[in-house]
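Each chain, letter by letter, is given below.
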Amino acid sequence: MTAFPSNEEDASLMMAASQAHIPPDKKNSADKSNNSNTDALARSNLLRLETAELIKEATLHLHPNGNDSSIHYEAKWAPMVRGYISNLSSVLSALEKCTLSPDICLISSSSSTSVSGGGVKEKGMEQLSGGAESTKYRVPLQSDKFLKSIPGGSSATIPWTFPFSGKVKVLPIGSYAHIGNAGLTNRHANGNVVPTLDLAVLVKGGDGDKDAFVGGKDYLNHRFTDKQNILAVHIAKQLSHKKHRTKIGAVHLTRVFGDSRKVALLLTPPPTIDNDDKKGKDKKKKRKRGEDDTDGGKKMKNKLRFHVRLIFGVEQQQHQSEDNANLQQNDEDDDNDDESMDREESYNHSMHLFQSWIPISRLFPNRCNNRGADKLSSAESIDIRYHSTPHYNNALSESLHLQSTTKLISDTISNMFFGSNMVATPITTFHETLLLIKIWALQRGLLRGHDSFTTTTIALILVYLYRTKTIGKRMGSVQAFTTFMKFWSEVDWLGEDAGTTSAIASSLSTPSSSAQLLLSRKLKRKAAFVIPADGKNESQTIAGCPQARHYREGIRSSSNDDNVPKTLLDCYKQCFTTASSSSPSIPNDCHSDSPILLDPTMTINYLARLSPSFVRESRAEAYAALRCIHGQERDGGIGGRGFGSVFRKLFLETNRFWTRYDAYVRIPLGVVPKMVSQRGGKKKQPGKSGIAGVDIDSRVWGRDVEDLGYDESVCRGVVEVLHRALGDRVTAIRILTQGNGDIRKDGTSSSEQSVESLSTKAIENSDQCYTVPIRGSGSTGFEAKSGGRPPEPPVHPLNQDEPFLVVGLRIDPNASRRVVDRGPPAEDVEESKAFVALWGDHAQLRRFQDGAIVRAVVWNLPASSKNTIAESMPQFAGMDRSMGGIVENVVQHIVKLHFTESKWMKKGRAKHVSFELRNMVGFVDGVLSAKPSPVSDSFTLHKNVMAAFDSLADFLRQNSITVVDNSLGKERKASKLGLPLKIDEVEPLSPCLRYSSLFPPVPHPFLGAIDRGIDKRKVSGAVVGTPVLIQIRFEGSSKWPTSLNAMGAAKCAMLIQLAEGIEKMKQSGNLDEFDGPIDVTPTYLDIGYRGYSWRVIVRADQELRMLKNLRNPTDEAKALRLSLINRHVRGSMHHSLIHAIHTRHPSSSLVSRLAHRWVASHMLSDMIPQEAIELIVAKIYTDPHEKAVSKMHSLGAPPSTVVAGFLRFLQVLSTHDWANEPLIVDPQSHMTAHDRGLILAQFNSIRGPDRNSGPAMYIISPADYDGVEGMTASKVVGEDGSAQEVVEQTGALERVWSPTYTSKFPERVVLHRAAALAKCSHDHLTTCIMNGSSGSSWVAAFQESSTSLTSYSALLRVDNVFVIDNGCCSTNADSVIGAPSKQDSDGDVASPFERSLLKRYAGPKDLRKKMYKNLVLEKSTLHEWHPVKSLISKLRSKYGDYAVFFYNEFSPDIIAMIWRPTAFVPRAFSAMNSEFQSPVLKLWKDDSLVITNTDDLMSEIVFAGRDILSDVKILDDKKPDSSQNDWK
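Just so you know, the residues in each chain are numbered from 1, in the order the chain's sequence is written. With pLDDT at 70 or above as the cut-off, local features in this predicted model cover only qualifying residues; side-chain atom pairs require 80 or more to be listed or tallied, and sums for whole chains, interfaces and linings still use all residues. Calculation of side-chain values draws on the structure's entire complement of heavy atoms; hydrogens and water are dropped beforehand.

**What about the overall build of the protein chain?**
Each helix and strand in the protein chain was counted, giving 44 helices and 39 strands. Here the protein chain holds 1528 residues, and 57% of them are scored as buried. Across the protein chain, the fraction of contacts at a sequence separation of at least 24, relative to all contacts at a separation of at least 6, is 75%. In short, Shrake-Rupley with a 1.4 Å probe defines the accessible areas, and a residue's cover is counted only from the protein chains shown. Approximately 63600 Å² of the protein chain is accessible, and the part contributed by carbon and sulfur atoms is 51%. In this text, helices come from DSSP runs of H or I with a minimum length of four residues, and strands from runs of E with a minimum of two, each type numbered from the N-terminal end. Remark: exposure states derive from per-residue accessible area (1.4 Å probe, protein chains only) relative to the maximum for the residue type, with buried under 20%, exposed over 50%, and partly exposed in between. Contacts are assigned to residue pairs with any non-hydrogen atoms lying within 4.5 Å of each other.

**Some points on the sheet that holds strand β21 (residues 844-847)**
Whether two strands pair depends on DSSP finding at least two bridges between them. Judged by pairing direction, the sheet is antiparallel, and its three strands sit side by side in the order β20-β22-β21 without closing on themselves. One side of each edge strand has no neighbouring strand; the edge strands of this open sheet are β20 (820-825) and β21. On average, adjacent strands in this sheet sit at an angle of 45° to one another, irrespective of strand direction. Axes here mean lines fitted to C-alpha atoms, for a helix over just the part in contact, with angles spanning 0 to 180 degrees between N-to-C directions. Against the sheet, helix α25 (residues 829-839) engages β20 and β22 (853-858), with an angle of about 150° to β20.

**Observations concerning the packing of helix α36 (residues 1202-1215) against helix α39 (residues 1308-1331)**
Close contact between α36 and α39 brings their axes to 8 Å; oriented N to C, the two are set at 140°. As judged from the angle between their axes, α36 and α39 are oblique. When the axes of α36 and α39 are compared, the crossing they make is left-handed. From α36, Val 1203, Phe 1206, Leu 1207, Leu 1210, Gln 1211, Leu 1213 and Ser 1214 reach across to α39, where they touch Leu 1311, Ala 1314, Ala 1315, Ala 1318, Lys 1319, Ser 1321, His 1322, Leu 1325 and Ile 1329. Here the contact of α36 with α39 is built from residues that sort into eleven nonpolar, four polar and one charged. For this classification, under 35 degrees means roughly parallel, over 145 means roughly antiparallel, 65 to 115 means roughly perpendicular, and everything else is oblique. Note on convention: near helix rotated counterclockwise from far helix by under a right angle means a left-handed crossing. Clockwise means right-handed. The classification used treats Ala, Val, Leu, Ile, Met, Phe, Trp, Tyr, Cys and Pro as nonpolar, Asp, Glu, Lys and Arg as charged, and all other residues, Gly among them, as polar.

**Looking at helix α42 (residues 1427-1439)**
Multiply 1.5 Å by the residue count of a helix minus one, and that product is the helix's expected span. Between its terminal C-alpha atoms α42 stretches 18 Å, which fits the 18 Å expected from 13 residues at 1.5 Å a residue. If you check which residues of α42 are buried, you get Val 1428, Leu 1431, Ile 1432, Leu 1435 and Tyr 1439. The buried residues of α42 all sit within an arc of 100° when viewed along its axis, so they share a single face. In this structure, the buried side of α42 is in contact with β33 (1354-1358), β35 (1443-1447), β36 (1454-1459), α43 (1494-1504) and β39 (1509-1514). By construction, the arc corresponds to the directions joining the helix axis to the C-beta atoms.

**Remarks on the sheet that holds β39**
Here four strands make up an open sheet; going across it, the order is β35-β36-β33-β39 and the pairing antiparallel. Two strands close off the open sheet at either side, each with one partner strand: β35 and β39. Here the strands of the sheet are splayed against their neighbours by 20° on average, with no regard to which way each runs. Of the strand pairs in this sheet, β35 and β36 are connected by five bridges, and their pairing is antiparallel.

**Focus: the packing of helix α12 (residues 455-467) against helix α13 (residues 477-490)**
Between α12 and α13, the shortest axis-to-axis distance is 11 Å and the interhelical angle comes to 100°. Here α13 runs roughly perpendicular to α12, going by the angle between their axes. Taking contact as the criterion, the partners of Ile 458, Ile 461, Leu 462, Tyr 464, Leu 465 and Tyr 466 in α12 are, on α13, Ala 480, Phe 484, Phe 487 and Trp 488. Taken together, the residues that form the contact of α12 with α13 break down as ten nonpolar, no polar and no charged.

**A closer look at the packing of aromatic side chains**
Stacked, edge-to-face and tilted are the three classes for Phe, Tyr and Trp ring pairs, Trp counted by its six-membered ring, which pair at centre distances within 6.5 Å; planes under 30 degrees apart are stacked, over 60 edge-to-face, the rest tilted. Scanning the entire structure with this criterion turns up 51 aromatic pairs. On the basis of an interplanar angle of 50° and a centroid distance of 4.6 Å, the ring pair of Phe 1074 and Tyr 1089 is categorised as tilted. Of the two residues, Phe 1074 is situated in the loop between α31 (1044-1068) and β28 (1079-1080) and Tyr 1089 in strand β29 (residues 1085-1089); the sequence distance between them amounts to 15 residues. Here Phe 1074 matches Tyr 1089 in class, with each residue buried. Any Lys NZ or Arg CZ found within 6 Å of a ring centre and within 35 degrees of that ring's normal is scored as a charge over the ring. Over the face of the ring belonging to Tyr 1265 we find Arg 1295, whose NZ or CZ atom lies 4.4 Å from the ring centre. When the ring centre of Phe 1446 is taken as reference, the NZ or CZ atom of Arg 1313 above it lies at 5.7 Å.

**What to know about α12**
Along its 13 residues, α12 runs 18 Å from first to last C-alpha, staying within 8% of the 18 Å computed at 1.5 Å per residue. Most of α12 sits inside the fold, with twelve of its 13 residues counted as buried. Of the positions making up α12, those classed as buried are Thr 455, Thr 457, Ile 458, Ala 459, Leu 460, Ile 461, Leu 462, Val 463, Tyr 464, Leu 465, Tyr 466 and Arg 467. Buried residues in α12 make contact with α10 (402-418), α11 (429-443), α13, β13 (529-530), α16 (538-544) and β14 (597-598). Just downstream of α12, Lys 469 is the residue with a positive phi angle, here 65°.

**Brief notes about the nonpolar core**
With 124 residues, the main nonpolar core has Leu 809, Trp 839, Trp 1158, Phe 1206, Phe 1209 and Leu 1213 as its most contacted residues. With residues up to four places along the chain from it excluded, the contact list for Trp 1158 reads Phe 1206, Phe 1209, Leu 1210, Leu 1213, Ala 1314, Leu 1317, Ala 1318, Ser 1321, Ala 1341 and Phe 1342. By size, the runner-up hydrophobic cluster in this structure holds 67 residues, among which are Leu 92, Val 139, Leu 147 and Val 772. Among buried residues, the Ala, Val, Leu, Ile, Met, Phe, Trp, Tyr and Cys ones that are joined through side-chain atoms within 4.5 Å form a nonpolar core.

**Some points on the environment of Leu 1431**
Positionally, Leu 1431 belongs in helix α42. Classification of Leu 1431 by relative accessible area gives buried; the value is 5%. Leave out the neighbours within four places in its chain, and Leu 1431 touches Ile 1455, Ala 1504, Gly 1505, Ile 1508 and Leu 1509.

**Observations regarding the pairing of β29**
Judged by how many residues are buried, β29 sits mostly within the fold: five of five residues are covered. Going residue by residue along β29, you find Leu 1085, Ile 1087 and Tyr 1089 tucked away on one face and Asp 1086 and Gly 1088 tucked away on the opposite face as well. Note that β28 and β29 share two bridges and pair antiparallel. Residue Val 1080 lies in a different strand from β29, and its bridge partner there is Leu 1085.

**Some points on a positive patch on the surface**
Each patch is built from residues lacking any salt bridge and having more than 30% relative accessible area; the joining distance is 9 Å for like charges and 5 Å for nonpolar side chains (Val, Leu, Ile, Met, Phe, Trp, Tyr). Salt bridge, as applied in this entry: a Lys or Arg side-chain nitrogen positioned within 4 Å of an Asp or Glu carboxyl oxygen. His is not counted, nor are the chain ends; Lys and Arg add positive charge and Asp and Glu add negative charge. Charge positions come from single atoms, namely NZ of Lys, CZ of Arg, CG of Asp or CD of Glu. A contiguous patch of positive charge, built from Lys 1018, Lys 1405, Arg 1408 and Lys 1410, is present on the exposed surface. Looking at the secondary structure, you find Lys 1018 in strand β26 (residues 1018-1020).

**Focus on the pairing of β35**
Across the five residues of β35, five count as buried, placing the element largely inside the fold. Here β35 shows no split at all, with Ala 1443, Phe 1445 and Tyr 1447 on one side and Val 1444 and Phe 1446 on the other all buried. The loop that links β35 with its antiparallel partner β36 comprises six residues.

**Quick word on the pattern of salt bridges**
In this structure the tally under the stated criterion is 51 salt bridges. Among the salt bridges present, the one from Asp 1226 reaches Arg 1236, with a minimum N-O distance of 3.8 Å. Taken together, the residues Asp 1226 in the loop between β31 (1223-1224) and α37 (1233-1247) and Arg 1236 in helix α37 connect sequence positions ten residues apart. In terms of burial, Asp 1226 and Arg 1236 fall into one category: buried.

**Notes on the environment of Leu 1240**
In this structure, Leu 1240 sits in helix α37. When the C-alpha atoms of Leu 1240 and Ile 1224 are compared, they prove to be 9.6 Å apart, with 16 residues separating the residues in sequence.

**Structural notes on the environment of Lys 56**
Following the sequence through the fold, Lys 56 ends up in helix α3 (residues 37-58). Exposure remark for Lys 56: the relative accessible area of 41% places this residue in the partly exposed category.

**Regarding the confidence of the model for the protein chain**
Should the pLDDT be low somewhere, the predicted coordinates at that spot are not to be read in detail. Averaged over every residue, the pLDDT of the protein chain is 79; residues scoring 70 or more account for 75%. Low pLDDT, under 50, characterises residues 1522-1528; the predicted model gives this stretch eleven contacts beyond four residues in sequence or across chains. As a per-residue measure, pLDDT tells how confident the predictor is, with possible values from 0 to 100.

**Some details on the side chain of Ser 960**
Position of Ser 960 among the secondary structure elements: in the loop between α30 (938-959) and β23 (963-964). Among the residues examined, Ser 960 registers a relative accessible area of 0% and is labelled buried. Separated by 2.7 Å, the side chain of Ser 960 and the backbone oxygen of Leu 956 make a polar contact. The residues touching Ser 960, leaving out its near neighbours within four places in the chain, are Ser 975, Leu 977, Leu 979, Leu 981, Lys 982 and Ile 983. Any pair of N or O atoms that falls within 3.5 Å is considered a polar contact. Within protein, one atom must be able to donate a hydrogen and the other to accept it, and sequence-neighbouring residues count only if both atoms are side-chain atoms.

**Let's talk about the state of the cysteines**
Working definition: a disulfide is two cysteine sulfur atoms within 2.5 Å of each other. This model, assessed by the stated rule, comprises zero disulfides. With no disulfide of its own, Cys 571 has Cys 575 as its nearest cysteine by sulfur position, at a separation of 4.1 Å.

Below, the structure is given as structure tokens:
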């Protein structure tokens, strides 16, 4: 067993790593916060205990051989695995000798019958018409010999056939074969996917062996992979034969590590019933760790336990001689198949010699082993230079190293932990660390399949760390996990860390060598590692490697080119590094960058399949994991979610592809050019083209097709070209790959389902695993020519026929709004050509203010201009704030220019790409059009009302300045407004003054509005909405009254005097901006100014001081003081806080408004305060790691689009543990660690042991502490520590923190309902993104379903007269972006937001007034019109103890109510509380004589709304008899 280090060792090591990880300038602040020894020790111990439990639950043991020592710890169903593999081996050993040909892979049934290789004719295959051109194959075949043999080839009359001896060798590889099954986990720790056991099917290679399947020059031009794929199909057909079906089960074709060029077989065992012979006590036996649930002694029917994957390779044979110096020879670059074959070669691996038929020099990364099938004439090939194919060569090496890779891992485990002494239960720190890393990667979509980690690659990285002693034997699993994260995040795998490539490109002095200089700098910084051999260090391994020696002595000595790398390691670095950068001026059409980790023989790069985008994302995730472990996350320490959140964040929380990015784009692959075509209108130059019709100077991708393959070249090309075009506008670009989607549960079906349907469903749910059944009709296939098919996406959509490449973009909100891409000067020929090649005709010469004449691309085109982007889809007014700037336009242009074939554009069949769920913005913003609408831009509407506020504030301050007026008395002061005191401050409180109003106010003609182009033929007589709330503060004076009643009268008198002063100034001067009625109440003043209705309240600080100084305040005084503090002090501070966030993060205001719309759509208006919604959104935008200093972009960056922000809002609302954790919103870090500790302690004290006490939604902001009124100002947004400077300290007394806006609302039942609705909405919207929903199916997230309505107790229908806007209805919301109704506009495209705003501007029909040019109407206007809201307030205040009332404030067509369960509990009779009570008829108990009478209660409710309600529908009639039975 593993020897764990002591607690003190663990804590000290974590502390040392944490200190080394923190930048020097941040160490002091970090030490003060949470890096004490006690905290580190507690965090370390808790994390170690939690990971230990996780390891126990996740470990799975399946011994391949089976022995007495392994029975006690392996899974109970391990004998089933060994039996299945035994049956499989017997079938494979019985394969017959035959001759294989490509015809065995034909999908056409007529062709499959003529196969000479023993192919099985299959049912359900339909004849494909169209001859050879429409012939499809099950697997991709692209070798030169195959293409010559098909119709139209140079050797079409000679079929390509090759013998198969029928002999294969089956060996376990991967986690199944490792000592102790390192990396093998059960289904629950594997993303709810059953484990896949890998078996290698090995054939012999060579020229002298009669049983050899491959040999000669089969390593050239895809011959080897074609042979492997044909053999895979042949074996798949044999395994799926009827006589083997009951033992083998279903057979599917799949890909090896996501490579579309290499085929594997995925086998699903048939469902069986395994009856246990031992009945009785075995039924009661406890389930062993690692095995699935059983039903007594009888295993569940159709219970899938595992998959088996067959991976094809070449058998490795040990060579007896240890001296291989004489076996090395140079291989000529000869492409003639008829010349003599290269002799078989051998290479050294861990003190053993393995034989291979491939010459050693052919495995060098700089060799070209795939030159395409088309032969060029000598005249055409004069200027052709074949490029190296490092990825193709590495794929060959993978097939040779299936055995040695497994042996390398097992030898490391054995030598490091066991030596010669094997233990009964081989569980080591290596196993535990590998399991933790696997779960961590799986939760983040970094494991399985295409362009991601595999369990083997993670294990190999651990092998390197153990062999180099970076991880020591005595390290625990948590320490080893931390070391892995540190290693992966800090190593410069791509050579990009020293500075951004765009900055490097801008600093280059010689334009002609910009790409070369950039490449050389990347090569110097790029890291490359070699796994040490046994008993050697890394340097000794490199020096003694025969492959490296052969490179130095042979290749280097025969070359005089100074550009040829001097060592084999440098050769790997050069071949796996390109000039890819984020600069559009660096030419590059090859994207073969990959990290480098070589085996001891230096013949295979284990990390070659990882793309730069994956490396950047995984390193950022590893860096975030380090910060979490070291306690540098604000939520991970004291005052946050506690120590346990570290474990939850690392291993329990899922953050995969569909939740990681701000925007998602679907790029159709059916229109991608089959070969890189000419762009930009330049003439073709055949002399510069290696492929006919392709201009090398104008292409930006595709030179790596022969190396990476067509599919991978397109995937990497899309990512890197977009990265180059977008530059710093995005921080991450990633395509959807296998293993990066939703983690779904495997499907279990009933016993009536067939084996095939059960197996297919289970495989389809296996985390986007690419599979094609070998039986049944083939819906997809591969054309005979690689250029005749569209590229295959890494993940095939289950619900779509047309293939798409899904791209996720994480957008920088600041840089994304840049509208000019400035290129190189005109005199820089090379960079200018690269810039024009990237942008096409959009790159034009422009002169800038600094006098420079450069190529540039401008994106701020007006909406009226004729361009394809504006014509294809609606453009929203605030796209730069709501949709990540101009990123969508750039993506559309790049995809159209470089990834859309010209013929599709001419036919008009090319689809325009766009962000998913983009039309959701139409709920909060308008559409740009040729004829701009005055209500189309919500941001402008907010700015207009803010400008009016600034003007009103200046007017009040200037005209309230007091001067001596002797007419009023000796030395009496007065102002123009007649106020005795000057107005010092005018503070905003309204949501529309902080960009938070869903429908910002539109200027009303009767309230002094300026003409803004809105139709005035009919004007509303009421303002639909709440008046703009502001408060005024007078200068200090000793003449304020000292009585509370007198204070209230003085405030009312001030308002009256202010109203009279305005009236007098209107009569004596030109004050047209003031118009409409002026209404004064005891608490506020309503006036009209510049078209807006304003509500003015008075803040008297003297009143607050008076209440604070009361010695024995009454309950009423306490309630009054709290009410005044919340309204005046905390309200102003909250406004400043939210306004600052909305200003800094432009999309946050739209997210807040959209969330408000969602809350109202689910009839939760006034039940979840708008301030609470704003604080949750503020948490999303400001809580992530904004203060983290890192060389990598933070994964916790705030969202940049409305869709991403809204999804995060739903996620927080649905997943936050409201019962056990407070939600602390602290954007500027005003709260200290001590404050957070107090908040947590007070929260736990209020919650109590049952966790049901206190506010249901516990949200704390910086102003939510007692004594906040002692601040000298109402601002909390500023520099860190400013709050502590202005707040008077209370000495030994501790601050009391309590929620302000969620102290009473929402109720617990409302919060539970909101959380459930948020989860459903989040899941639905995520599904819409995943399915590529281009319609309006997303609108269901903003509607109440019919089933949801039936869950209420009663529905009260509101008369249509009181419903102004049906577009916001909770059951049938308007989501169409198109032409509005005739009465609203004249046919221009409009969004739901515009139509709703125009309806609200028009107001209720009965109050509308017609205006005439020659007739002046009386300008009487209601400042506020909310009849339904008034009814709801009345019902809640009077009947709130009996029922909960729901409604939609924006479209109150229905009022729903739910009876409270406590209202129908029988109780004792009381004369004072006898209203709405009826006697209990029977079952009297404990003096419970009366119960609520629902009939009387409903009659009262209906009577209260008699003037507003039109119908009532009772869904749950609580009768006394039923209630008594329930009570009984």
